[in-house]
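The residues making up each chain are set out below.
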Amino acid sequence: MASWLGGLGSGLGQSLGQVGGSLSSLTGHISNFTKDILMEGAEEVGDAATELHVSNYRLRETESINAALKLENERLKKLCSDLEEKHEAAELQIKQLSIEYRNQLQQKEVEISHLKARQNALQEQLQKVQKAAQSAQLGAGVLPPATTSASYVPAVKHSLGFEGDVVDFGDVIWSQQEINRLSNEVSRLESEVDHWKQIALSSKVQGTNDAEQSEICKLQNVVKELKRNLSREIDEHQHELAVLQDAHRQKLVEISRRHREELSEYEDRIEELENQLHQGGVNADAMSDSKITEQKKIAQSLEGGKVEELHVVKDLEDEIRKLNLKLSSAKEENEILLKEQELAKVEKIQVTQEYEKLKSDFSVLQSSVAEQDALLKEKEKNLQSKTSLPEDVVRLQQALLEAENEIARLSSLNQVNQGKGRLEKELTSAPHKNENILSASTEDQNSELSQLRHDLERKEHELNESIAERETLIGELEELDKQNQEATQHMITLKEQLSKQHTETDGIIKQLKFDIDFERKKVSALEIEKMEAIKELDSQKEKLSQCSYALNDLHISKQQLQENIKDIQEQLRKAQDCNLHHKKEIRELQQRLKEKEEELSLSLSKLTEKSNQESKYSCQDLILEEREVEIAKLQNDISQNKQLNEDLEKSLSDLRTENGKLIAAIEELKQELSEVVSEKNKVYFEKDTVVEALKMEKRQLQSELNQTEKRLLEQAHKYEQSIEELSNARNMDTTALQLEHERLVKLNQEKDFKIAELKRSVEQMEIDHQETKEMLTTSLGGQKQLTELIKEKEVFIEKFKNQALQVKQELEQHKKVSKKQDVLKQNLEEKDRSLAVMKEENNHLKEEIERLKDQQSRSTPVVEPKTLDIIIELESEVTQLKVIKNNLEEEIEVLRKTIEDQNQTTVQLQQSLQEQRKEIDESKFQCEQMNVTHERLSLEKDEEIKKLQKTIEQIKTQLHKERQIIQTDSSDLFEETKVQSLNGENGNEKHDLSKAEIKRLVKGIKEREMEIKLLNEKNVSLSQQIDQLSKDEVGKLTQIIQEKDLEIQALNARISSASYRQDVLCLQQQLQAYAIEREQVLAVLSEKTRENSQLKTEYRNIMDMVAAKEAALVRLQEENQKLSNRSENSSQDMSRETIQNLSRIIREKDIEIDALSQKCQTLLTVLQTSSTGTGNGSGGVNSNQFEELLQERDKLKQQVKKMEEWKQQVITTVQNMQHESAHLQEELQKLQAQISVESDSNSKLQVDYNGLIQSYEQNEKKLRSFSQELAQVQHSIGQLHNTKDLLLSKLDLVTPSLAMTSPVSQLSGVQYGAPEVLSDESKILQKELEQLKKKLQESDSTIRTLQENNQRLSDSVATASEIERRNQEGTESELRQIREKHDILQKLLREKDILIKSKSDQLLSVSENLSNKENENEVLKQAVTNLKERNLILEMDIRKLKEENENIVARCREKETEFRALQETNMQFSMMLKEKEFESHSMKEKALAFEKLLKEKEQGKTGELNQLLNEVRSMQEKAVTFQQERDQVMVALKQKQMESSALQSEIQHLREKEQRLNQELERLRNHLLEMEDSYTREALAAEDREVKLRKKVVLLEEKLVSSSTAVENASHQASLQVESLQEQLNLVSKQRDETVLQLTISQDQVKQYALSLANLQMVLEQFQQEEKAIYSAELEKHQKQATEWRKKAETLEEKVASLQNSLEDANAALDAASRLTEQLDIKEEQIEELKREGEIKKEMLEDVQNKLMNLMNSTEGKVDKLLMRNLFVGHFHTPKNKRSEVLRLMGSILGIKKEELDQLLSEDQRGVTRWVTGWLGGGAGSKSVPNTPLRPTHQNIFNSSFSELFVKFLETESRPSLPPPKLSVHDMTPLGAAGTGKTSNTPSNSQLQDSAVLGTSRRPDTNPFLAPRSAAVPLITPASSSGHLLMKPISDALPTFTPLPVSPDASAGAVLKDLLKQ
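What counts, and where the lines are drawn
- Residues numbered from 1 in each chain as written.
- Predicted model: local features only at pLDDT ≥ 70, side-chain atom pairs only at ≥ 80, totals over all residues.
- Heavy atoms only, no water.
- Helix = DSSP H or I, 4+ residues; strand = E, 2+ residues; numbered from the N terminus.
- Buried < 20%, exposed > 50% of the residue type's maximum accessible area, 1.4 Å probe, protein only.
- Contact = heavy atoms within 4.5 Å.
- Areas by Shrake-Rupley, 256 points an atom, 1.4 Å probe, with all protein chains shown as cover.
- Patch = residues over 30% accessible without salt bridge, like charges linked within 9 Å, V, L, I, M, F, W, Y side chains within 5 Å.
- Salt bridge = Lys/Arg side-chain N within 4 Å of Asp/Glu carboxyl O.
- Lys, Arg positive; Asp, Glu negative; His and termini not counted.
- Charge placed at Lys NZ, Arg CZ, Asp CG, Glu CD.
- Core = buried A, V, L, I, M, F, W, Y, C linked by side-chain atoms within 4.5 Å.
- Axes fitted to C-alpha atoms, helices over the stretch in contact; angles between N-to-C directions.
- Parallel < 35°, antiparallel > 145°, perpendicular 65-115°, else oblique.
- Left-handed = near helix turned anticlockwise from the far one by under 90°.
- Nonpolar A, V, L, I, M, F, W, Y, C, P; charged D, E, K, R; others polar.
- Phe/Tyr/Trp six-rings, centres within 6.5 Å; stacked < 30°, edge-to-face > 60°.
- Lys NZ or Arg CZ within 6 Å of the ring centre and 35° of its normal.
- Expected span 1.5 Å × (residues − 1).
- Arc of directions from axis to C-beta.
- pLDDT = per-residue confidence, 0-100.

(A) How the structure looks around the overall build of the protein. From N to C terminus, the protein includes 34 helices and zero strands. Here the protein, with 1958 residues, has 33% of them falling under the buried criterion. Sequence separation of 24 or more characterises 90% of the internal contacts of the protein that already satisfy a separation of 6 or more. For the protein, the accessible surface area stands at approximately 123000 Å², while carbon and sulfur atoms represent 55% of it.

(B) Inspection of a positive patch on the surface at higher detail. A contiguous patch of positive charge on the surface is contributed by Lys70, Lys77, Lys530 and Lys541. When contributions to the positive patch are tallied by element, the ones reaching two or more residues are helix H2 (48-136) and helix H8 (503-602). Within the secondary structure layout, Lys530 lies in helix H8.

(C) The arrangement of the nonpolar core in detail. Within the largest apolar cluster, 17 residues are counted, with the highest numbers of intra-cluster contacts made by Ile1102, Leu1156, Leu1163 and Leu1167. Those elements that place two or more of their residues in this core are helix H16 (998-1056), helix H17 (1064-1130), helix H18 (1132-1176) and helix H26 (1632-1754). Here this core takes six residues from H18, the largest share from any one element. Filtering out sequence-adjacent residues up to four positions away, Leu1156 remains in contact with Ile1012, Leu1015, Met1103, Val1106 and Leu1716.

(D) Examining the packing of H8 against helix H10 (residues 625-638) more closely. Taken N-terminus to C-terminus, the directions of H8 and H10 make an angle of 20°; their axes are 11 Å apart at the nearest point. As the angle between them shows, H8 and H10 are arranged roughly parallel. For the element pair H8 and H10, the recorded crossing hand is right-handed. Across the interface between the two elements, Glu585, Ile586, Leu589, Leu593, Glu597 and Leu600 of H8 pack against Glu626, Arg627, Glu630, Ile631, Leu634 and Ile638 of H10. When its residues are assigned to classes, the contact of H8 with H10 shows seven nonpolar, no polar and five charged.

(E) Layout of the side chain of Gln916. Counting through the fold element by element, Gln916 comes out in helix H13 (residues 864-940). Filtering out sequence-adjacent residues up to four positions away, Gln916 remains in contact with Val807, Lys808 and Leu811.

(F) Here's a closer look at the pattern of salt bridges. In total, this model carries 28 salt bridges according to the counting rule given. Asp318 serves as the salt-bridge partner of Arg321, at 3.3 Å between the closest nitrogen and oxygen. With a gap of three residues between them, Arg321 and Asp318 both fall in helix H5 (residues 307-383), about one helical turn apart. Using a relative accessible area of 32% as the deciding quantity, one classes Asp318 as partly exposed. Among the ionic pairs, Lys1747 bridges to Glu850, the shortest N-O distance being 2.3 Å. Highlighted residues: Lys1747 in helix H26 and Glu850 in helix H12 (residues 736-858), separated in sequence by 897 residues. You can call Glu850 partly exposed: its relative accessible area is 34%.

(G) Geometry of the packing of H8 against helix H23 (residues 1383-1499). It is the contact of H8 with H23, at a shortest axis distance of 10 Å, that shows an interaxial angle of 125°. Regarding the angle of H8 to H23, the classification is oblique. Both H8 and H23 take part in a crossing whose hand is left-handed. Taking contact as the criterion, the partners of Leu554, Ser557, Lys558, Leu561, Ile565 and Ile568 in H8 are, on H23, Leu1395, Ile1396, Lys1399, Ser1400, Gln1402 and Leu1403. The residue inventory of the contact of H8 with H23, partitioned by class, reads seven nonpolar, three polar and two charged.

(H) Fine view of the packing of aromatic side chains. Tallying each qualifying case throughout the model produces two aromatic pairs. With a centroid separation of 6.3 Å and an interplanar angle of 40°, the aromatic rings of Tyr57 and Tyr1575 are classed as tilted. Linking Tyr57 in helix H2 with Tyr1575 in helix H24 (residues 1502-1601), this pair joins segments that are 1518 residues apart in sequence. When its relative accessible area of 23% is taken as the criterion, Tyr57 is described as partly exposed. Cation over ring: Lys1688 sits above Trp1685, and NZ or CZ is 4.9 Å from the ring centre.

(I) Here's a closer look at helix H27 (residues 1761-1773). Over its 13 residues, H27 extends 18 Å from the first C-alpha to the last, a length consistent with the 18 Å expected when each residue adds 1.5 Å. Among the residues of H27, those classed as buried are Leu1763, Met1764, Asn1766, Gly1770 and His1771. Projected onto a plane normal to the axis of H27, the buried residues spread over an arc of 165° and lie on a single side.

(J) The arrangement of the confidence of the model for the protein in detail. Chain-level pLDDT for the protein is 77 on average; 75% of the residues reach the 70-or-more range. Segment residues 139-167 is flagged for pLDDT under 50; beyond a separation of four residues in sequence, or across chains, it makes 49 contacts in the model. When the criterion is pLDDT under 50, residues 1296-1317 qualifies, and its contacts beyond four places in sequence or with other chains add up to 27 contacts.

(K) Highlighting a negative patch on the surface. A grouping of Glu262, Glu265, Glu267, Asp268, Glu271, Glu272 and Glu274 is seen on the molecular surface, where their side chains present a negatively charged patch. Mapping Glu265 onto the fold places it in helix H4 (residues 210-302).

Listed below in structure tokens is the structure:
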């Protein structure tokens, strides 16, 4: 057990050690983290970039720490879970093993007892034999060795699974147990062997002492038994202990569980009692209140008038209630007190019992605690760890605490239980009393007064008794309280005793609690820190996100600024170009004008008109307005004629066209500019790549420079050492021995220093290694984060692109929706108008109905049929109108909903449009920037254009002549068209139509509709032709452009030859002119195509509108026709109105058809003109086509005036536009001039900025070198001071006062007098100084030369800029007037410049930060490489050590195997020896036996001897077998011992390994902590350095502002420094060591300066070469682009000429469109008027409907006299044979049952009186029936039966000839649909049924029994069926009377047959 416990303890110790290690590492991390957080407060960096860097770094650190913490947490959790699992498994295994071992032990003990019994029996037999032998022979007796065989042989074989299995915690414990058990058995067996050996020896020596030996054996056996008993008792004791512990735990668990259960039960009971109380009180109150109210009611009913008695009764009842309440309360208090008494007693008993139990438990616990403490102390000694206390002790302490808590709870429960008892009693008593009161009140209602009085007296008596009882109970309660107090005091005393007893345990518990609290606090602190870390992480993440956003913004702004700068530069260049170009063109124009003046003076008489046209049309080629103004002036000077007004008008039209051209050209330029920008972007990208390559080379050079500097420093150190050695050598001359001694000492010290330095370097290497590891991890994390960010940004960009596309799609969809919405709105408006028309019609109808009613009321019954017919018709129309109205209302509601939805969508669309507008504005801004960049590009090509502009004049003159010829033709034609259009104006003729012409009009309308359709088809075909022609035009233009290109190529070929070099300039100018013209033509073409597409879209829209209007007109016509048809019979006024409407519609149709025909003609003319234009190529138009156009225009006489007005308006707008364009052009010129000026300033600033950057970099390099030199100087000074101190001390000791002076003067820098010895050295130093001065002078001279070069460069730059300024001054003088007008624009530009400057400053700061970061990265990379090398070295060392360890382990294993082999051989030898001994022993025994046999033979006892021999043999055999078994067991035991020893060694090896690993872990943790501390310090130091450096940088930047003055100051300072150096050298002559150091430093400086100068020169040369190459490449590109532009311009000019004509045609088409729109407006106004009329009619209709409804309501339940009379007469008219059938039919119609009818008929038929009275009496309740007027026309059909005739009549009548009239196109649905859909509007059930019937029938049939009340149906069919009432259809809206229930599919005939059957 002890070994097992030891193993367990060791395992626990290891696991806890791991946990402790991880906790220590955790705490280390947390401490570092807190340090970092505290340090954050101190770090406040001004720069945003540095802040970002710091925050990123901290974020990474925090993330890494967080990750480490998470990993450690997970690892600890895993460890804990593994340990718990192992613990449980170990416990289970231990229990199983203990059970198995106990069973095995019992078995073995049984076996041993059996063997002992056998052994005893054998011993007794042997003793008997020996006694017999002794009696026979008195020789030496021999004990048989059989006794040795009875040894304890354990046959337990456990399969040890260590060979293949993994060594687990449980396996280790089990193996330890096995080893312990085996070792015990081995020791026991060895003791037995020794014992048996002693016995054997004693048997050999003392053969006689048999009795003594037997006694010894017995004693030994007893001893063994005692030992076994001891071991068994120990095991049993341990087992009992374990059992007791388990039992104690179980008891504790059970007690706690019971306690909890009891608590829960008590709480439940309390809740239940409270609930009962509440319920009881509420119920009682409710019941008592209800019953009292009932009693009061009864008393009131009984004693109605006795008010006084009632008052008395109420008073008595109140008193009774009070008494009852008092009684109940008293009884309840009594019961409560009794129960409390009982409960208190019971609780007292329970408390005492529990106290006794707790006492006993406590005593048991104390004993167990004492035992556990003892065990714990032993374990603590073994483990040496105070923290790992056993779990049992903690549990016991918890149990004690729980016991104390239970006592407290029980005491509190006493009070609770008392309260409960009271509540229960109150609850039980309350309901009983309530019941008594209620029963008494209910039973004695009559005799209440008397009983109440008796009750009062009785209850007063009871009250008194109850009060007395209460007093007694109160007394008892007080006694009980006293007893309770005594009990509580007793409890308190008991508690005090317990507390005294628990003082010792409480102390331990307090300590434990304190430890636990401390640990908890630690944990809580850790958790808080963790939370804070997480919060900080979150905040850092947020900061990161903000920073990333800010970065993105910065990048965007940077890009925008770059683009702005480029744009401005390009704009400046363009502006300059344009200015020069304009100037030259003006000069050329002036020259041309002079020439033309000369020509015109010759040919004024002949060609006045042509000259006017030429001067007019020459303006088309000129782009700017200034030229046009000059030309106009010249024309006025030349031609001062009457045609001035006409010329002005023509010039206006030309200006309009030119404006269009300009706009198109601008658009074209924009497109081409976008292409150029893309090309330029590519160029910039190439430049960026080149720059990056240069930067990379620069970095490489810098790294090489750094390496060279390091080498130089090393050389300097070497030189210093050599100088020191020389100085030492010189000192040796004076005092050789002393210096040797000192040198030895110094060497010693140096070696010591070196050793210390090496140690430090090793430590630093380790620190650096770990730092680099951490840095690598952080950098990797950062890179990952950056990559993730980049990916996310890419994803975002893609998302934004997709969103942009989606937005565009949504915009298109919304546009479509808006179009649909417009269409819907138009429909709504149309419907509203139709509604108004309908209302007007309804009003008319109502008036007519009223008039008809009046007529009906006046007219006699002879005129009834006609009036009835009219009424029925009107009613049907009214119902139909109602249905239509309902439909329209529903449609209106639907449309309103749609309008609301669309309004919402429009709001959304507006928002989206605003957003997109913003985006468009941004894009426009970007486009403008791009334009600016392209203008700048054009500036670079000015010089080439200057050379090529001389030849343009000749080419242009030729072109002008050609164009003038073309333009004259076109102008003539145009004039002719105008004249014809003006001459062909006529008035508009209008005519009215009569009534007879209505049919003709209808036919005309149909024909016109056909014509419209044909025209639409023509339009479609024409639009297709136009598309094809536009494509053809484009193709032809491309062909022309290709031809032009070919011509240009030919010209280029000519130019390439040597002979045509003179013509090169002319051709180039021509090319430029052609390119410009081509651009213009292209622009005009594109504009014309766009206009064409716009016209097409407009035409389509107009066609859609026309179609909609036509549909509306058709509907109106149909409605008018219907109305006219209806009103023919009733009134002539309606017919007149319809005729007027039709005539008006026809006129509108005519107008529409005219407009459409005009539209078609205009489109045809456009087509023809475009085709002819393309055919001619030059842009002229044939006269034939113009004639055709004029003929077609003759038809459009009515609209010519409007068109002219419109033209005048357009002319005015064009003039305004021209003025505006002039203003805009002026503004443009001003802006271009400003941009040029600003670009110059910008370029200067850039040059200055580049210079500043270079100087700043040089200064930085100098600073670094100075800082390095400073460090070296400080180090050397420190060494010198140390040496000085040493020398002084030694000189004080050794040398006399005279000798002391020299070393002191040498080493200290304080003495002023120099000795004689130093004179030689000072001379040498002076020489060296002179050399240095020379070198310095040389360096100064080089610097000056460089400065001169720089000045020259700057002068050249200045001269260049001055030349440019002189060139620009000319342009500026012209543009000063324009600048004065637009100062506002300049201010804006200045603001933008300020913004640009600020942004450029930001860019500079960002670039500086980037460079700093790059430098830092390089430094870090170098450090990383160094650390990697160190790491590799360390890894190599570790590998070597591992290999050595492995070798050692292998050797150990080999030795172990050899040892085992030796042991096995030894065992074999020992076995052999034992066997030999046994054989010898057996031989001896045999010899003895033979001797005995011989003796017995001699004596003659052969038989007995044989028996004895046999027995001896058998015994010997048994002994041999026993020995063999014993040997085998021994061998097995030894093997197991070997295995166990091997296992133990392995276990020890593993433990040692674990210890080593733990030690290494601890060491690494400590090292990590140290590293982190050092890292934090270094980081702080670095940050301090950064701050200092930043301050220095700021100072340097301030100095750099005045760079020129700074250079002079620097030279002056250098001279001052030289003087100061001279002074220092005088001092240094006294101090050798210092002078040597300064010399080396100055040499290094000189070398560095030389190197830096060389590098700078190299860099400058490279930059110059690169710039030259770039400029040459750019020049070539620009030249190519210029040639391309020229070609494009030529092609565009050609296109412009062709597209002018198409523009004029388009204008004509626009005029026609305007006319159409005016006509449409007129029609819309007419429709609105009609709608208003419809609304009026609708209102009339509604009034009529209301009146009808009132009539129906008033006459619904009444019976008509007519109906009654008709029935009565009909009965008598029928033959007598068939009158019964008539009666039956009438009865069935009236709703009389069959049985009643049969009874009536079966009785004596007493004539008409009986029948009439019965019918009248029975018909009172029935509803009204359709009646038939009696009209005896056909008397000859009386022979057939009445019912058959009636059926036939109804069948014929149920098929009407005329269909129901229709009102409008909307109401053209069948009646069935109206009936089914709108049944809800009908007023009665009968109507519902009726509508259902009508809805189901396919044709508009009506039920004959559903006729209206006023109708009179004849029995016989009349001759004229057309005018009859039943021929008209019955509408579903009219009121009808009870129909028979008929199936919807059944016909009228089937219905009648069913009636007949009844």
